[in-house]
Amino acid sequence: MSRYRLQPTPAQEQALLEHCGHARFVWNLAVEQHQHWKPGRKSAPGFAEQCRQLTEARAEFDWLRAGSIIVQQQALKDFAQAMANFFNGTHRRPTWRKAGRGEGFRIVAVKPADVRRLSRNVGEVKVPKVGWVRFRWSRAVPEGVKSYRITRDRAGRWHVAFAAAPAPIGAPGTGESVGVDRGVAVSAALSTGELLSVPGLRETEAVRLARLQRKLARAQRGSNRRAKVKAAIAKLKAREADRRKDWIEKTSTRLASQFDVIAVEDLNIPAMTRSAKGTMDAPGRSVRAKAGLNRGILAAGWGRLVERLEHKAPGRIVKINPRFTSQRCSACGTVDRQARESQMRFRCRSCGYAGNADVNAARNIRMAAAGHAVDARGGDRVAGPVNREPQPVLLPA
Ligand SMILES: [Zn+2]
């Protein structure tokens, strides 16, 4: 994602605000539908059903029909993704959007001709139903832009962020595969035994952040001082986010060029193994996940890593059912809930294998991808659509 300052004319701003309003309206409708859902009831409508309902609503309401269907459909898609993230335990449940807060919308199916450069510092992007909107060409726009998101912050500033799929990287052709497990103490563990960590804030930066946050708590609401402190905090957090993104790009490139096959857990299987409560199958896992201070941030980074891997190594990513990966011994295959001695340590009571728990999981993921691991229940379940409520049949017994 690369973000640019958008410079709409007053008339364009009105049209953009209308898109934001439609996206918010559709999103809030979806939130409302899902709030009515309770365990045991028929599942709340999924993405496909909601799209059908949107078509009906557009037929009925002129003001909705006057808006862009892409904007409205993408709002539903964003919501479906938010629900999937919620069930994966990486994000909170999506909530109502209020006017003026976190406003924005996404445009997909962007063609190369929809973004152009006018002069050294000025570019234009074509927005459906709005036309060409100028933006500050502060750096090169990535090639192959597939979608973009337009946002308006609380200060009323508009930005456009372009998302481009990177060019695929050729497989090394060695026949080698790797399993990657998302950890908490480290960011990712490889079946090769390597542990990878996202660089966070440096010691001094973390201290400074903590100090700023204390300052913020004391600052008077609406004061200049408060605004200044807030801006300083935002700057530090942006730096941290940049480092994380950079790490994701480097790591995904490295894995894609080093291995023919990369196996990861399929997080779209709502097996609830990561839920806060935990399950019989994965009691230690959620405890472990909670141990991470910024679990959500790490998890979001993980999702992005997998996404980038899929871009860079298309057809070479194998997603496997996460079931038992943390309790199975990668040496002898025994599933043992008590093999986990601690967050970090795995010790098999059958064969005596001992090692880093995340590496053990990564080895299982690699083997599962190669078809060597025999699931205790006989094979993987098929992943359902990402946007649906957990069905009883999919929940571990
Ligand atoms: Zn063993």
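Q: How should I be thinking about the coordination of the zinc ion in this particular structure?
A: For a metal bound by four donors in tetrahedral geometry, the ideal donor-metal-donor angle is 109.5 degrees, whereas six donors in octahedral geometry ideally sit at 90 or 180 degrees. Protein-derived coordination of the zinc ion comes from Cys329 (SG), Cys332 (SG), Cys348 (SG) and Cys351 (SG), at a distance range of 2.3 to 2.4 Å. In this structure, the zinc ion is coordinated by four donor atoms arranged in tetrahedral fashion, with angles at the metal of 105 to 114°. Mapping the donors of the zinc ion onto the primary sequence gives the spacing C-x2-C-x15-C-x2-C. Note that Cys329 is positioned in the loop between strand S12 (317-320) and strand S13 (345-347) and Cys351 in the loop between S13 and strand S14 (354-356), a separation of 22 residues in sequence. Residue classification places Cys329 among the buried residues on the basis of a relative accessible area of 1%.

Q: Would you mind going over helix H9 (residues 357-370) with me for this structure?
A: Because each turn of an α-helix spans 3.6 residues, side chains separated by three or four positions end up pointing in the same direction. For H9, built from 14 residues, the straight-helix expectation of 20 Å at 1.5 Å per residue is met to within 8% by its first-to-last C-alpha distance of 20 Å. Within the sequence span of H9, burial applies to Ala357, Asp358, Val359, Asn360, Ala361, Ala362, Asn364 and Ile365. A positive backbone phi angle near 80° is found at Gly371, which sits one or two residues after H9.

Q: For this particular structure, what's the right way to read the environment of Pro8?
A: Relative to the elements of secondary structure, Pro8 occurs in the loop between strand S1 (2-7) and helix H1 (10-35). Under the relative-accessibility criterion, Pro8 is labelled buried at 17%. For the pair formed by Pro8 and Val130, sequence separation is 122 residues and the distance between their alpha carbons is 9.7 Å.

Q: Quick question: what am I supposed to make of the sheet that holds S12 here?
A: Backbone hydrogen bonds hold the strands of a sheet together, and the pairing may be parallel or antiparallel. Strand order in the open sheet formed by five strands is S10-S9-S8-S11-S12, with mixed pairing between adjacent strands. Since the sheet does not close on itself, it has two edges, and those belong to strand S10 (195-196) and S12, each with one partner. Here strand S9 (residues 188-190) pairs with S10 via two bridges, running antiparallel. Among the inter-strand pairings, Ala188 is bridged to a residue of S10, identified as Leu196. The strands touched by H9 are strand S8 (177-182), S9, S10, strand S11 (261-265) and S12; relative to S8, the strand with the most contacts, the crossing angle is about 135°.

Q: Hey, could you run me through unusual backbone geometry in this one?
A: Trans is the common state for peptide bonds, and a negative phi is the common state for residues other than glycine. Of note, the phi angle at Lys129 is positive, near 65°, even though the residue is not glycine. Within the secondary structure layout, Lys129 lies in the loop between strand S4 (122-127) and strand S5 (131-136).

Q: Is there a simple way to think about the sheet that holds S4 in this case?
A: The strand order S2-S6-S7-S1-S5-S4-S3 describes an open sheet built from seven strands, whose pairing is antiparallel. In the strand order of this sheet, the two ends are held by strand S2 (103-107) and strand S3 (115-117), each with one partner. Strand-to-strand twist across the sheet, computed as the mean angle between neighbouring axes with direction ignored, equals 30°. The pairing of strand S6 (residues 145-152) with strand S7 (residues 158-164) spans seven bridges and is antiparallel. Its bridge partner lying in S7, Ile150 is registered against Val160. Helix-sheet contacts for H1 involve S1, S2, S4, S5, S6 and S7, and the interaxial angle to S2 is about 90°. Its contacts with the sheet put helix H4 (residues 69-87) on S2 and S6, and the angle it makes with S2 is roughly 105°.

Q: Just to check I follow, could you spell out the side chain of Ser252 for this structure?
A: Topologically, Ser252 is positioned in helix H6 (residues 224-258). Judged by relative accessible area, Ser252 falls into the buried class, the value being 0%. A distance of 2.7 Å separates a polar side-chain atom of Ser252 from the backbone oxygen of Ile248. Here the side chain of Ser252 touches Lys312 through a polar contact of 2.9 Å, side chain to side chain.

Q: Is there a simple way to think about the packing of aromatic side chains in this case?
A: Each aromatic ring pair is described using two quantities: the centre-to-centre distance and the angle formed by the ring planes. Throughout the structure, instances matching the rule amount to nine aromatic pairs. The interplanar angle of 20° and the centroid separation of 5.7 Å between the aromatic rings of Phe135 and Trp137 together place this pair among those described as stacked. Judged by relative accessible area, Phe135 falls into the buried class, the value being 0%. Ring centres 6.0 Å apart and planes at 70° place the aromatic pair Tyr148 and Phe162 in the edge-to-face group. Taken together, the positions of Tyr148 in strand S6 and Phe162 in strand S7 put the pair 14 residues apart, joining distant regions of the chain. Relative accessible area serves as the criterion here: at 1%, Tyr148 is assigned to the buried category. Using a relative accessible area of 1% as the deciding quantity, one classes Phe162 as buried. An aromatic cluster of three or more residues is present, and its members are Tyr4, Phe135, Trp137, Tyr148 and Phe162. The ring of Trp27 carries Arg97 above its face, with NZ or CZ at 3.8 Å from the centroid.

Rules used in this analysis
Residues numbered from 1 in each chain as written. Predicted model: local features only at pLDDT ≥ 70, side-chain atom pairs only at ≥ 80, totals over all residues. Heavy atoms only, no water. Donors = N, O, S within 2.8 Å, 3.2 Å for Na, K, Ca; no water. Tetrahedral: all angles 85-135°; square planar, octahedral: opposite > 155°, others 65-115°. Helix = DSSP H or I, 4+ residues; strand = E, 2+ residues; numbered from the N terminus. Buried < 20%, exposed > 50% of the residue type's maximum accessible area, 1.4 Å probe, protein only. Expected span 1.5 Å × (residues − 1). Pairing = 2+ DSSP bridges. Contact = heavy atoms within 4.5 Å. Axes fitted to C-alpha atoms, helices over the stretch in contact; angles between N-to-C directions. Polar contact = N/O pair within 3.5 Å; in protein donor to acceptor, adjacent residues only side chain to side chain. Phe/Tyr/Trp six-rings, centres within 6.5 Å; stacked < 30°, edge-to-face > 60°. Lys NZ or Arg CZ within 6 Å of the ring centre and 35° of its normal.

Everything listed is a geometric property; what it means functionally is a separate question.
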